[in-house]
Amino acid sequence: NAGVMQNPRHLVRRRGQEARLRCSPMKGHSHVYWYRQLPEEGLKFMVYLQKENIIDESGMPKERFSAEFPKEGPSILRIQQVVRGDSAAYFCASSPYINEKLFFGSGTQLSVL
Amino acid sequence: KNEVEQSPQNLTAQEGEFITINCSYSVGISALHWLQQHPGGGIVSLFMLSSGKKKHGRLIATINIQEKHSSLHITASHPRDSAVYICAAHSNTGNQFYFGTGTSLTVIP
């Protein structure tokens, strides 16, 4: 049973480009969380999704950021028109049910030039 | 004021010492998580608690719901325990997670 898979591991984008980060949860897990860790800062919650539904996006910036978790395929965190301040490590975690132990991916390190 | 406060921020211990990391939170929670982040950046979930105490190997986590406080203990510490330990509160009014800033632990041989 593979763990939570995130790709790419590293992503470099120029200002104004789009970044797409993928997260494949563990098999059987229908709950996905996205977190961001800015340089020298702690983790921050961004969004919580269940299959095909955004349950809580209160931690997500209102503009340029979106997330989805389609019926088939990985969860996608999309950042449009990236800026330098978006440079961070983006982690996703999955769980089989709410209030269950989380399983984390290895993260995607986004660097905006 | 942060919703989750951890102490100490940094901790250096000799191998074999007993270690305690503390976490206080101000929000209502459905669960409290302890995470371990290694220097390479990977994050592992150590415990999820909603009451009482849990033990896994040399690690013990406790929570006092009334006092809104949790502790992570490491017995017989080892250099491989060196990592950042993060406390995370899963809010019971929505699905927000609130994270502590982490405790950086270094265990010296």
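Residues numbered from 1 in each chain as written. Chains lettered and ligands numbered in written order. Predicted model: local features only at pLDDT ≥ 70, side-chain atom pairs only at ≥ 80, totals over all residues. Heavy atoms only, no water.

Caption draft 1: Local environment of the overall build of chain B. Counting its regular elements, chain B contains 0 helices and 11 strands. Its helices and strands in sequence order give chain B the pattern β-β-β-β-β-β-β-β-β-β-β, from N to C terminus. If you line up chain B on its principal axes, its C-alpha atoms span 45 × 25 × 20 Å. Classification of the 109 residues of chain B by burial places 47% in the buried group. Summing over all exposed atoms, chain B offers an accessible surface of approximately 5,000 Å²; the carbon and sulfur share of this is 50%. In chain B, 7 positive and 6 negative side-chain charges are present, and the distance between their average locations comes to 9 Å. (Helix = DSSP H or I, 4+ residues; strand = E, 2+ residues; numbered from the N terminus. Buried < 20%, exposed > 50% of the residue type's maximum accessible area, 1.4 Å probe, protein only. Areas by Shrake-Rupley, 256 points an atom, 1.4 Å probe, with all protein chains shown as cover. Lys, Arg positive; Asp, Glu negative; His and termini not counted. Charge placed at Lys NZ, Arg CZ, Asp CG, Glu CD.)

Caption draft 2: Broad picture of the sheet that holds strand E8 (residues 69-74) of chain B. Residues and elements named next belong to chain B. On the basis of which strands lie adjacent, the open sheet formed by 5 strands has the order E1-E3-E8-E7-E6 and antiparallel pairing. Both edges of this open sheet fall to strand E1 (4-7) and strand E6 (52-56), since each of them pairs with a single strand only. Taking the axes of each pair of neighbouring strands and ignoring which way they run, one obtains an average angle of 15° across the sheet. Inspection of the sheet shows E6 paired to strand E7 (residues 59-64) by 5 bridges, in the antiparallel sense. Opposite Lys54, over in E7, you have Ala61 as the bridge partner. (Pairing = 2+ DSSP bridges. Axes fitted to C-alpha atoms, helices over the stretch in contact; angles between N-to-C directions.)

Caption draft 3: Fine view of the state of the cysteines. Following the criterion strictly, the structure yields 2 disulfides over all chains and no others. Each disulfide pairs two cysteine sulfurs, and for Cys23 of chain A the partner residue is Cys92 of chain A, the sulfurs being separated by 1.8 Å. An S-S torsion of about 65° defines the bridge between Cys23 of chain A and Cys92 of chain A as right-handed. Of the two residues, Cys23 of chain A sits in strand E3 (residues 19-24) while Cys92 of chain A sits in strand E9 (residues 88-95), which places them 69 residues apart along the sequence. Here Cys23 of chain B engages in a disulfide with Cys87 of chain B; their sulfurs sit 1.9 Å apart. Taking the sign of the torsion about the S-S bond as the criterion, the disulfide between Cys23 of chain B and Cys87 of chain B, at about -55°, is left-handed. Placement of Cys23 of chain B in strand E3 (residues 19-25) and of Cys87 of chain B in strand E9 (residues 83-91) is noted, with a sequence separation of 64 residues between them. A relative accessible area of 0% means that Cys23 of chain B is categorised as buried. Cys87 of chain B sits in the buried class, given a relative accessible area of 0%. (Disulfide = S-S within 2.5 Å.)

Caption draft 4: Quick peek at the packing of aromatic side chains. This model, assessed by the stated rule, comprises 8 aromatic pairs over all chains. Arranged with centres 6.3 Å apart and planes meeting at 65°, the rings of Tyr35 of chain A and Phe45 of chain A form a pair that is edge-to-face. Residue Tyr35 of chain A is located in strand E4 (residues 31-37), and its partner Phe45 of chain A is located in strand E5 (residues 43-50); the two are separated by 10 residues in the primary sequence. Accessibility classification places Tyr35 of chain A together with Phe45 of chain A in one group, the buried group. Ring geometry for Tyr35 of chain A against Phe99 of chain B: centres 5.1 Å apart, planes inclined by 90°, an arrangement best described as edge-to-face. On the criterion of chain membership, the pair formed by Tyr35 of chain A in strand E4 and Phe99 of chain B in strand E10 (residues 97-99) is interchain, its members lying in two chains. (Phe/Tyr/Trp six-rings, centres within 6.5 Å; stacked < 30°, edge-to-face > 60°.)

Caption draft 5: Geometry of the nonpolar core. Formed by 24 residues in total, the largest nonpolar core has its most connected members in Leu32, Trp34, Leu72 and Tyr85 of chain B. Breaking this core down by element, the ones donating at least two residues are E3, strand E4 (29-37), strand E5 (43-49), E7, E8, E9 and strand E11 (103-108) of chain B. With 23 residues, the next largest nonpolar core counts Ala19, Leu49, Phe65 and Leu110 of chain A among its residues. (Core = buried A, V, L, I, M, F, W, Y, C linked by side-chain atoms within 4.5 Å.)

Caption draft 6: Quick peek at the pairing of E9 of chain A. Residue and element names in this part refer to chain A. Counting buried positions over the 8 residues of E9 gives 8, a clear majority of the element. Side chains Ala88, Tyr90, Cys92 and Ser94 of E9 all project onto a buried face; the interleaved residues Ala89, Phe91, Ala93 and Ser95 project onto the opposite face, where all are buried too. Sheet analysis places E4 next to E9, joined by 7 bridges and oriented antiparallel. Note that in E9 the partner of Arg36 across the bridge is Tyr90. The pairing of E9 with strand E11 (residues 108-112) spans 3 bridges and is classified as antiparallel. Residue pairing in the sheet places Tyr90 in a bridge with Thr108 of E11. With 2 bridges connecting them, E9 and strand E10 (residues 103-104) associate as antiparallel partners. Looking at E10, one finds that Ser94 is bridged to Phe103.

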